[in-house]
Amino acid sequence: MFKKQLSILTIFILFFTSCSSHLMKKHTELPSNKVYAIGSFWNYTETPMAGLRAASIVESVAAKEGLYIYSLIEGSDEKAQNDSKINFLKTQMNTAKILKADYFITGEVQEWRYKTGIDGEPVVSYSIKIIKLDDGSTQFNGVGAKNGWGYKSIGVIAQEIAKELLPTFKP
């Protein structure tokens, strides 16, 4: 009888922990009374415009924290206009400096898709980096990955990651 109960408990635990989330970040506090700019995230996936989508979601979640944010998120051909990630980032950071932003939010999307199969579970993985523009130092760097149940959308999963991943903003 005990073995049967243990087996059922094990199956129950495995079933309810199959939706996983992984975050890697160092606890960081950044000022909320400074000006931030956010640019499109670099897209390493085969999903068109995943970098634009992730950046837009991070922008919305960060704005909810009360940050003043200049949006430098542009159109779908933005990446095609740049020959490298370094030039892409430099262009966006220079624009942020012209706008007198103190910090620049950037990132990279590693995964943005639905798994194939009967449930079509959403899978999202991206990183966020916040750079202090006056000296170019990285103030925050974190990466998050999460998959969800078939009834959740990629957007919901991306919002959950952003809420958990962004640093703490203090006045």
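Participant: Describe the confidence of the model for the protein chain, listing the residues and the values that go with them.
Facilitator: Of the residues in the protein chain, 82% reach a pLDDT of 70 or more, and the chain-wide mean stands at 85. When the elements of the protein chain are averaged for pLDDT, helix α1 (residues 2–16) gives the smallest value, 44, and strand β3 (residues 35–39) the largest, 97. In this model, residues 5–18 is a region of pLDDT below 50 whose contacts with residues beyond four sequence positions or in other chains number three contacts.

Participant: Talk me through the nonpolar core; I want residue IDs and the actual numbers.
Facilitator: Among the nonpolar cores identified, the biggest contains 30 residues, and Tyr36, Phe41, Val58, Trp112, Tyr126, Ile128 and Ile130 are the most heavily contacted of them. Taken together, the elements giving at least two residues each to this core come down to β3, α2 (50–64), β6 (103–114), β7 (122–132) and α4 (154–165). Take this core: its biggest share by element is seven residues, from α2. Those residues in contact with Ile130 that sit more than four places away from it in its chain are Leu30, Tyr36, Tyr103, Phe104, Ile105, Ser137, Thr138, Gln139, Phe140, Pro167 and Phe169.

Participant: For the packing of α2 against α4, give the residues involved together with the corresponding values.
Facilitator: Any two packed helices are characterised by the angle at which their axes cross and by the distance between the axes. Following both chains from N to C, one finds α2 and α4 inclined at 50°, their axes separated by 9 Å at the closest point. As judged from the angle between their axes, α2 and α4 are oblique. Like other packed secondary-structure pairs, α2 and α4 cross with a definite hand, here right-handed. Of α4, the residues touching α2 (which contributes Ile57, Val58 and Val61) are Gly155, Ala158, Gln159, Ala162 and Lys163. Split into classes, the residues belonging to the contact of α2 with α4 amount to five nonpolar, two polar and one charged.

Participant: Talk me through the packing of aromatic side chains; I want residue IDs and the actual numbers.
Facilitator: One pass over the structure, following the stated rule, counts five aromatic pairs. Consider the rings of Tyr36 and Tyr103, whose centres lie 5.0 Å apart with planes at 15°: the pair is stacked. With Tyr36 in strand β3 and Tyr103 in strand β6, this residue pair connects regions lying 67 residues apart in the sequence. Since its relative accessible area comes to 0%, Tyr36 is described here as buried. Relative to Phe169, the ring of Tyr36 lies with its centre 5.6 Å away and its plane at 90°, an arrangement referred to as edge-to-face. Residue Tyr36 is found in strand β3, and its partner Phe169 is found in strand β9 (residues 168–170); the two are separated by 133 residues along the sequence.

Rules used throughout
Residues numbered from 1 in each chain as written. Predicted model: local features only at pLDDT ≥ 70, side-chain atom pairs only at ≥ 80, totals over all residues. Heavy atoms only, no water. pLDDT = per-residue confidence, 0-100. Helix = DSSP H or I, 4+ residues; strand = E, 2+ residues; numbered from the N terminus. Contact = heavy atoms within 4.5 Å. Core = buried A, V, L, I, M, F, W, Y, C linked by side-chain atoms within 4.5 Å. Buried < 20%, exposed > 50% of the residue type's maximum accessible area, 1.4 Å probe, protein only. Axes fitted to C-alpha atoms, helices over the stretch in contact; angles between N-to-C directions. Parallel < 35°, antiparallel > 145°, perpendicular 65-115°, else oblique. Left-handed = near helix turned anticlockwise from the far one by under 90°. Nonpolar A, V, L, I, M, F, W, Y, C, P; charged D, E, K, R; others polar. Phe/Tyr/Trp six-rings, centres within 6.5 Å; stacked < 30°, edge-to-face > 60°.

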